[in-house]
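Here is what each chain is made of, one letter per residue.
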Amino acid sequence: MHSKIVRFLLLIALIFNACDRIYLQPAQQDEKWSFVVFSDVQDGYGVFSKLSENIGNLKPVPHAAFCCGDIMYYSGNEAEWLSFENAAKSIRQNMPLFFARGNHDGNDSASEDILHLHANLTSDHFYYTHSEGNTLFIVLDIYERGKEGAIIGEQLRWLQNQLDSAGSNPSVSNIFILMHRPLYPQGRHKGENLSNADDLHQLFLKYNKIRAIIAGHDHLFNKYVKDDLIYLTTGGGGGPLYHGYGGDYHHFLKVSFYEDTTQINVKTIDIFNETIDDFDL
């Protein structure tokens, strides 16, 4: 009888250990670090809270998280901000969280004040850079007042300067560009390109350190390759999904770096903590 009990307890322990391994999405042994991206939470805080929990449980802990906009449905709404902050606790407690402004986040003065407060932005602008080791993140603002739907004027000049500086800096090996709207949407918003999408695409092609341009806006996952440049859409953060275009599942992106510096891996992880898409850049 004693041996049967021991075997039963060992079986239970193995089951729990297996569940833990699935739930925590362990990194490969040679993974050095990672970051995560999600977008388009809108008012889907129940879904997002589960994604946030999954992100918070990742081991090793990602170095940073990025939201590509549409944190809420109604811009400047403090109640929605509170709901987001409550759902995002698992992320906030474990890693810094950075924001790109979405169309639902608003660009009137009141909404901008609230976004500055909750996003902990110190710049007057909603475009900025962040660095992690040898990787530069450039966060762009598609919704500057009077310049919506494009990257033009002062922001474009700033972007060119950032790319030139990083391109000639030997300590920068990787560049990721994040924004809310894709240059070339492939879902429900297909055809609603940024007004200067082709010019931006030609600009990006000049810099071989750019690994991917990541956006939201379309509520799905999509990988689009144009002239060997990779555009990722990750709009599955909680808002209603866009069906009929593929990739219609709630998810976040995990981007991982390895001891082999030539390998950068992307996984999409859903609310059940299952990896759906898995590919190298």
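## Quick look at the overall build of the protein chain
Right, so step 1: In terms of regular secondary structure, the protein chain is built from seven helices and twelve strands.
Right, so step 2: Evaluated residue by residue, the protein chain yields a buried proportion of 53% over its 281 residues.
Right, so step 3: Summed over all atoms, the accessible surface of the protein chain reaches about 12800 Å², with 51% contributed by carbon and sulfur.

## Examining helix α7 (residues 197–205)
Working note: α-helix, 3.6 residues per turn, so residues spaced by three or four point in the same direction.
Right, so step 1: Of the positions making up α7, those classed as buried are A197, L200, H201, L203 and F204. Mapping the buried residues of α7 onto a view down its axis gives an arc of 160°, with all of them on the same face.
Right, so step 2: Buried residues in α7 make contact with α6 (153–167), β6 (174–178), β7 (210–215), β8 (221–226) and β9 (229–234).

## Describing the packing of aromatic side chains
Right, so step 1: Tallied over the entire structure, the rule returns 20 aromatic pairs.
Right, so step 2: Both rings, one in F35 and one in F257, keep their centres 6.2 Å apart while their planes meet at 35°; by these two values the pair is tilted. You can see F35 sitting in strand β1 (residues 31–38) and its partner F257 sitting in strand β10 (residues 251–258), a full 222 residues away along the chain. We note that F35, like F257, is buried.
Right, so step 3: Within the aromatic cluster, the residues linked to one another by ring pairs are W33, F35, F66, F98, F137, F176 and F257.
Right, so step 4: Looking at R188, its charged tip hangs above the ring of Y242, at a distance of 3.9 Å from the centre.

## Section: empty space enclosed by the protein
Right, so step 1: One pass over the structure, following the stated rule, counts one cavity of 30 Å³ or more.
Right, so step 2: Taken as a whole, the largest cavity spans an internal volume of roughly 40 Å³.
Right, so step 3: In terms of lining, the largest cavity is formed by P182, L183, I213, I214, A215, Y231, L232 and T233.
Right, so step 4: Every element with two or more residues in the lining of the largest cavity is listed here: β7 and β9.

Cut-offs and rules
Every chain's residues receive numbers from 1 upward, in the order its sequence appears when written. Whole-chain, interface and lining totals are the exception, using all residues; otherwise, since this is a predicted model, local features are given only for residues with pLDDT of at least 70 and side-chain atom pairs are given and counted only at 80 or more. Only hydrogens and water are removed before side-chain values are computed, so all heavy atoms of the structure are retained for them. What counts as a helix is a DSSP run of H or I of at least four residues, what counts as a strand is a run of E of at least two, and both are numbered from the N terminus. For every residue, the accessible area obtained with a 1.4 Å probe (protein chains only) is divided by the maximum for its type, and the residue is called buried under 20%, exposed over 50%, and partly exposed between those limits. Areas reported as accessible are Shrake-Rupley estimates using a 1.4 Å probe. Residue values count occlusion only from the protein chains shown. By arc we mean the arc of the directions from the helix axis to the C-beta atoms, nothing more. Throughout, a residue-residue contact means that at least one pair of heavy atoms, one from each residue, lies within 4.5 Å. Each pair of aromatic rings taken from Phe, Tyr and Trp, with Trp reduced to its six-membered ring, is defined by centres within 6.5 Å and is described as stacked if the planes are under 30 degrees apart, edge-to-face if over 60, and tilted in the remaining cases. The criterion for a charge sitting over a ring is simple: Lys NZ or Arg CZ within 6 Å of the ring centre, and within 35 degrees of the ring normal. The distinction between a cavity and a pocket rests on a 1 Å grid over the protein atoms alone: a 1.4 Å probe fits inside a cavity but cannot get out, while a pocket stays open yet meets protein on both sides within 12 Å along at least five of seven lines, and a residue with an atom within 4 Å of a point counts as lining. Grid points are joined across faces, edges and corners, and a volume is the space filled by probe spheres set on the points.

None of this, on its own, says anything about what the molecule does.
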